[in-house]
Amino acid sequence: MKKSIICTIMLIFILVINDSTWASNGYNYWTNQEYFSDFWWRYKGTIQFVPSYKTTKESGYGLKSGENVKQAYINYTRKKDGKDESVCGGRHYTKKAKCADNNSTYKVTANASDSLNIFTNKTKFWYNWIYF
């Protein structure tokens, strides 16, 4: 009985929770999707930018107003021995834009997996923008 209640609660949690958080202005944005697949938590993160787009106050999370992005990265980490350790092979960087007049889209994606063990450290999504 107790086991079936725990399984039911976990199933509801898995079906209801889908963290698809993102900030977008149409040019520069990031996404972080969490989903359940094959008895694993799966994570898929994406970050993209257009160097010619000058950011504004309304541009989205973490973007400095009045700047042009040159490069960006994403990473997934988990605590190990008190330190954040990458679980996706380290930071995933976009290519570096050569100039702020460039209208090309620069994009990178990273994936990570996590067990269903609720007693282990949670996987965290990190991102950063690098400016000209």
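Residues numbered from 1 in each chain as written. Predicted model: local features only at pLDDT ≥ 70, side-chain atom pairs only at ≥ 80, totals over all residues. Heavy atoms only, no water.

Caption draft 1: The overall build of the protein chain, seen in detail. Each helix and strand in the protein chain was counted, giving 1 helix and 8 strands. Ordered by position in the sequence, the α and β elements of the protein chain form the string α-β-β-β-β-β-β-β-β. Looking at the protein chain as a whole, 35% of its 132 residues are labelled buried. Pairs at least 24 residues apart make up 62% of the contacts formed inside the protein chain by residues separated by at least 6 positions. (Helix = DSSP H or I, 4+ residues; strand = E, 2+ residues; numbered from the N terminus. Buried < 20%, exposed > 50% of the residue type's maximum accessible area, 1.4 Å probe, protein only. Contact = heavy atoms within 4.5 Å.)

Caption draft 2: Up close: a nonpolar patch on the surface. A cluster of nonpolar side chains, namely Phe36, Phe39 and Trp40, defines an oily patch on the protein surface of about 350 Å² accessible area. Looking at the secondary structure, you find Phe39 in the loop between strand 2 (29–37) and strand 3 (40–49). (Patch = residues over 30% accessible without salt bridge, like charges linked within 9 Å, V, L, I, M, F, W, Y side chains within 5 Å. Areas by Shrake-Rupley, 256 points an atom, 1.4 Å probe, with all protein chains shown as cover. Salt bridge = Lys/Arg side-chain N within 4 Å of Asp/Glu carboxyl O.)

Caption draft 3: Local environment of the environment of Thr94. Topologically, Thr94 is positioned in the loop between strand 6 (92–93) and strand 7 (106–114). Judged by its relative accessible area of 3%, Thr94 falls in the buried class. The residues touching Thr94, leaving out its near neighbours within four places in the chain, are Ile47, Phe49, Gln71, Ala72, Tyr106, Lys107 and Val108.

Caption draft 4: Representation of the pattern of salt bridges within the structure. Summed over all chains, the structure comprises 4 salt bridges. The partner of Arg42 in a salt bridge is Asp38, and the shortest N-O contact between them spans 4.0 Å. On the basis of relative accessible area, Arg42 is assigned to the partly exposed category, the value being 22%. A salt bridge links Arg78 to Asp114, with the nearest nitrogen and oxygen atoms 3.5 Å apart. Of this pair, Arg78 sits in strand 4 (residues 69–80) while Asp114 sits in strand 7; the two residues are 36 residues apart in sequence, bridging distant segments of the chain. Classification of Arg78 by relative accessible area gives buried; the value is 19%. Accessibility expressed as a relative area gives 7% for Asp114, which makes it buried.

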